[in-house]
Amino acid sequence: MPTIEKTTTSEPGAEAERRVLASVPAGVFVAGEWRAPASGRTFEVTDPATELPLTAAVADGGPGDAAAALEAAVAAQDGWAATAARERAEILRRAFDALVARTDDLALLITLEMGKPLPESRAEVAYAAEFLRWFSEQAAHVGGGYRAAPGGGQRLITHRQPVGPSLLITPWNFPLAMGTRKVGAAVAAGCTMVLKPAELTPLASFVLADVLAEAGLPPGVLNVVSTTDPAAVVAPLLADPRLRKLSFTGSTDVGALLLRQAADNVLRTSMELGGNAPLIVFDDADLDAAIEGTLLAKMRNMGQSCVAANRVFVHESVAGEYAERLTAGMTALRVGRGTEPGTDVGPLIDARQRNKVGALVDDAVAHGAVLHGGGPRGDVGFFYAPAVLTEVPGTARLTREEIFGPVAAVSTFREEQEVVAAANDTRYGLVGYVFTRDLARALRVGEQLETGMVGINQGLVSNPAGPFGGVKHSGLGREGGDEGIEEYLEVKYLAVAG
Ligand code: NAD
């Protein structure tokens, strides 16, 4: 039975928590300065492990602040686009070094505002920083083309130019990495930005702005506006003809709404939306790798990840052993505050998320699934203990919706074609996972999965050097890899006579 480690203000880490929180800049960040929001209002960020406010000083930006931020981005755009690629690369590289140097403080900040255990927060800082290094290496490699027209008489030249001022909207689940994945690419491409972080976890983005400014990013290139009213702040920006790009990471419903708004302004868009990942374990899989991969794909971020394994399909011949071992692994994980040494599973982000997970589990059980472990934990904090559901029928809601919690939903299959059809029977298409020792089958199934990404014999695909993104209702475009910078570039074609 998972236990909850309580903490008190006398714990040794409390001093570090106070120091780190005190170092976070407050305000809206416009044209290189931290300003009070026009309304003068602030809002609180809550520690999901204690339900207590971390700070009362987060600026509650409004449409006027957002307009000022876009103004600053527009003013900085031409100069920034004209900056040598090498200079942009070196700013990113210095910011990479600075993030790495501040790993402990940033990891603590992420754990405080989002809840994940400190080792996972450290991994997020490393992952987040790596985007800055990757895009620093990409910046100088943006190229073009030159060819003689096939019919003769002209030269055709192509080169790439920054899209222009971009609005970047990030979710709460990876407070730092979702920001650097966008900011790194935009900086490398020569775009200026307005970043709107999630209201549940804005603090890491404020530190990122400071780090980039210290690394030499000119004023106005990155502006940050936090708000409790995203609809009121975002809609006017999307309608402003000076904005040229929207990059959004979040839920499919909000993404679709923003796509409709962006259409009126014919904006370039990148959409990283929700997922419903299938994880398939074939009869010839290495079960050790399959269990390890499932635990990683399921439990990273307490299951609150767009690439979390949402539906596990196990071949009926190995299903018994797999379920037994997975249940043992999941229920052995220690639930607790993310700052406590030894914690494997932190709290969920808020009460709404915990209630949603509970409701999805109840629905699955009502439809005939068998529950092992799980349930809310503790009087304080949004804790939910890891659970395995077996014999999950296709009628259960969680086969169609993101669980976004520490619950593995397992069902069985007999034939390859049957499981591929079941895996693809969803509106989402972000990632799939395949465990088999048969290389031909891994590649065949990998090709047939209607997803942007496939993990083969591993439960983690995220890598700054790989193109992250989905198909169907999981989104448009890619972040990271060689493709990520292209999302912020336009191809300019010059036809030269003679
Ligand atoms: P969300 O859609 O509720 O919020 C995402 C962002 O949109 C936040 O900054 C929020 O303030 C803003 N927002 C919300 N309503 C808005 C509106 N009406 N107008 C403008 N902005 C608005 O998502 P969330 O709960 O923060 O994040 C979880 C979701 O994000 C999950 O669906 C998850 O799968 C998805 N996600 C996807 C990826 C990916 O790369 N595909 C990565 C992480 C998370």
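Computed from a predicted model, the values in this text were never measured in an experiment. (Residues numbered from 1 in each chain as written. Predicted model: local features only at pLDDT ≥ 70, side-chain atom pairs only at ≥ 80, totals over all residues.)

Draft legend 1. Representation of the overall build of the protein chain. Secondary structure summary: the protein chain contains 14 helices and 20 strands in total. The globule rule puts the C-alpha radius of gyration for 498 residues at 23 Å, and the 23 Å found for the protein chain is close to it. On the principal axes, the C-alpha backbone points of the protein chain span a range of 70 × 65 × 40 Å. Burial status across the protein chain gives 54% buried among its 498 residues. If you take every contact in the protein chain between residues at least 6 apart in sequence, the share linking residues at least 24 apart comes to 72%. (Helix = DSSP H or I, 4+ residues; strand = E, 2+ residues; numbered from the N terminus. Rg over C-alpha atoms; globule rule 2.2 N^0.38 Å. Buried ≥ 20, exposed ≤ 12 C-beta atoms within 10 Å, placed from the backbone. Contact = placed C-beta atoms within 7 Å.)

Draft legend 2. Layout of the site of the ligand. Around the ligand there are 27 residues in total, and Pro171, Gly250, Ser251, Glu272 and Cys306 lie nearest to it. If you list the elements that add at least two residues to the shell around the ligand, you get helix H8 (230–239) and helix H9 (252–264). Classifying every residue of the shell around the ligand gives 14 nonpolar, nine polar and four charged. (Near = placed C-beta within 6 Å. Nonpolar A, V, L, I, M, F, W, Y, C, P; charged D, E, K, R; others polar.)

Draft legend 3. Spotlight on helix H13 (residues 416–423). Listing the buried residues of H13 in full gives Val419, Val420 and Ala423. The buried residues of H13 occupy an angular sector of 100° when projected down its axis, which confines them to one face. Facing away from the buried side of H13, by more than 90 degrees, are the exposed residues Gln417, Glu418 and Ala421. (Arc of directions from axis to C-beta.)

Draft legend 4. Focus on the pairing of strand E14 (residues 370–377). Here E14 runs beside strand E15 (residues 383–390); their pairing, made up of seven bridges, is antiparallel. Across the sheet, the residue bridging to Gly375 is Ala385, located in E15. Hairpin connection from E14 to E15: five residues lie between these consecutive antiparallel strands, with Gly378 at a positive phi of about 80°. (Pairing = 2+ DSSP bridges.)

Draft legend 5. Looking closely at the sheet that holds E15. Here we have seven strands laid out as an open sheet, ordered E14-E15-E16-E13-E12-E17-E18, and mixed in their pairing. The open sheet has two edge strands, E14 and strand E18 (453–456), and neither has a second partner. Along the sheet, successive strands turn relative to each other by an average axial angle of 15°, direction set aside. Sheet topology places E15 next to strand E16 (residues 407–413); three bridges connect them, and they run parallel. Paired with Val388 across the two strands is Ala408, which belongs to E16. Packed on one face of the sheet, helix H10 (residues 287–299) meets strand E12 (277–281), strand E13 (309–315), E15, E16 and strand E17 (431–435) and runs near 165° to E17. The sheet contacts of helix H11 (residues 319–331) involve E12, E13, E14, E15 and E16, and relative to E15 the element is tilted by about 175°. (Axes fitted to C-alpha atoms, helices over the stretch in contact; angles between N-to-C directions.)

Draft legend 6. Quick peek at the packing of helix H3 (residues 85–101) against helix H7 (residues 203–214). The contact between H3 and H7 brings their axes to 8 Å, and the two run at 130°. The angle between H3 and H7 places the two elements in the oblique class. Remark: the crossing between H3 and H7 carries right-handed chirality. Here H3 contributes Ala95, Ala98 and Leu99 to the contact with H7, which in turn contributes Val211, Leu212 and Glu214. The residue makeup of the contact of H3 with H7, split by class, is five nonpolar, no polar and one charged. (Parallel < 35°, antiparallel > 145°, perpendicular 65-115°, else oblique. Left-handed = near helix turned anticlockwise from the far one by under 90°.)

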